[in-house]
Amino acid sequence: MYIRFNSSQSVEIAVPDERVPIQHYLRQPRRLVNALVDRTRTQQLSDDCFRLKMRPLQFMMLSIQPTVDMRVWAESDGTINLESVACEIRGVGYINDRFALNLKGQLAAHQSSGLTYLKGKADLEVQVELPPPFWLTPKPILEATGNGLLKSVLLSVKQRLMYQLLLDYRQWANSEIDVISTDIPQILSLEG
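Not measured: the values here are computed from a predicted model. (Residues numbered from 1 in each chain as written. Predicted model: local features only at pLDDT ≥ 70, side-chain atom pairs only at ≥ 80, totals over all residues. Heavy atoms only, no water.)

Trainee: Report on the overall build of the protein chain, specifying residues and quantitative values.
Mentor: A count of helices and strands for the protein chain gives four helices and eight strands. For the protein chain, the succession of helices and strands along the chain, N to C, is β-α-α-β-β-β-β-β-α-β-β-α. Taking 2.2 N^0.38 as the reference for a compact globule, 192 residues should give roughly 16 Å; the C-alpha atoms of the protein chain span a radius of gyration of 20 Å, well beyond that estimate. Dimensions along the principal axes, computed over C-alpha positions, put the protein chain at roughly 80 × 35 × 25 Å. Taken over 192 residues, the protein chain has a buried fraction of 39%. By sequence separation, contacts in the protein chain at least 24 residues apart represent 61% of the contacts at least 6 residues apart. Carbon together with sulfur atoms contributes 52% to the accessible area of the protein chain, which is approximately 10,900 Å² in total. Distance between charge centres in the protein chain, computed from 21 positive and 21 negative side chains, equals 7 Å. (Helix = DSSP H or I, 4+ residues; strand = E, 2+ residues; numbered from the N terminus. Rg over C-alpha atoms; globule rule 2.2 N^0.38 Å. Buried < 20%, exposed > 50% of the residue type's maximum accessible area, 1.4 Å probe, protein only. Contact = heavy atoms within 4.5 Å. Areas by Shrake-Rupley, 256 points an atom, 1.4 Å probe, with all protein chains shown as cover. Lys, Arg positive; Asp, Glu negative; His and termini not counted. Charge placed at Lys NZ, Arg CZ, Asp CG, Glu CD.)

Below, the structure written as structure tokens:
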């Protein structure tokens, strides 16, 4: 029995003023990936592709651990895009062979009344053929359970984004200012 689950999550975060605008920070997709997922569970495959090993998830009586390859890139205005390009389910071969995950998201900085906000949205869809033991479970129960699971995944990503991204941005902005302020005297001494 094939079944489809989906969930969407929006986010709007007020960004504190720093001396380096957040658009500069957003042009570094690796930093965003590290803000979204613990570094011990990520692997960089190329400049814009990352393998994310998710924590094990419980779906009814199944325990699955998705590993998702994500393409993450920045546009010239600092808008970050992400999309899944591959997925593997560890733990249940039957599910892995009959599983498709599609994740798309975007995050961009916007100005309003002199303040900067990050606004974004993520859409997650999973299509899976469930093993025979699930065929006796009513489809509305399976859909509610699956949609709830996806919603909890996106909500946990949103919470981490809201806390970790701003913390990392603040640290990055301050370190960028420190680098600039230590380089200026060296540059001036070389010119003189």
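Trainee: Explain the environment of Arg 30 to me, using residue names and the numbers behind them.
Mentor: Structurally, the position occupied by Arg 30 is in helix H2 (residues 29-36). Judged by its relative accessible area of 28%, Arg 30 falls in the partly exposed class. For the pair formed by Arg 30 and Arg 71, sequence separation is 41 residues and the distance between their alpha carbons is 11 Å. Among residues more than four places away in sequence, those in contact with Arg 30 are Thr 42, Gln 44 and Phe 50.

Trainee: Outline the environment of Trp 73, listing residues and values.
Mentor: Along the chain, Trp 73 falls in strand E5 (residues 62-74). The spacing of Trp 73 and Leu 26 is 47 residues in sequence and 9.4 Å in space, taken between C-alpha atoms. If sequence neighbours within four positions are ignored, Trp 73 has contacts with Pro 29, Thr 79, Ile 80, Asn 81, Leu 82 and Glu 83.

Trainee: Can you explain a nonpolar patch on the surface? Please cite residues and give values.
Mentor: A surface patch of nonpolar side chains, amounting to about 300 Å² of accessible area, comprises Met 60, Met 61 and Ile 141. Mapped onto the elements, Met 60 comes out in the loop between strand E4 (57-59) and E5. Taking the relative accessible area as the measure of exposure, Met 60 reaches 36% and is therefore partly exposed. (Patch = residues over 30% accessible without salt bridge, like charges linked within 9 Å, V, L, I, M, F, W, Y side chains within 5 Å. Salt bridge = Lys/Arg side-chain N within 4 Å of Asp/Glu carboxyl O.)

Trainee: Summarise the pattern of salt bridges; cite the residues concerned and give the values.
Mentor: The tally for this structure, following the rule as stated, stands at eight salt bridges. Between Arg 170 and Glu 18 there is a salt bridge, with its nearest N and O atoms 3.4 Å apart. One end of the pair, Arg 170, is in helix H4 (residues 139-191); the other, Glu 18, is in the loop between strand E1 (2-15) and helix H1 (22-26), and 152 residues separate them in sequence. A relative accessible area of 22% means that Glu 18 is categorised as partly exposed. The partner of Arg 71 in a salt bridge is Glu 83, and the shortest N-O contact between them spans 3.8 Å. On the criterion of sequence distance, the pair formed by Arg 71 in strand E5 and Glu 83 in strand E6 (residues 80-90) is long-range, its members being 12 residues apart.

Trainee: Tell me what's going on with the packing of aromatic side chains, and back it up with residues and numbers.
Mentor: Under the criterion given, the structure shown has three aromatic pairs. When the ring of Tyr 25 is compared with that of Tyr 169, the centres are 5.6 Å apart and the planes differ by 70°; the resulting orientation is edge-to-face. Separated by 144 residues along the polypeptide, Tyr 25 in helix H1 and Tyr 169 in helix H4 bring together distant segments of the chain. In this structure Tyr 169 comes out as buried when scored by relative accessible area, which is 1%. One aromatic cluster in this structure is built from Tyr 25, Tyr 169 and Trp 172. (Phe/Tyr/Trp six-rings, centres within 6.5 Å; stacked < 30°, edge-to-face > 60°.)

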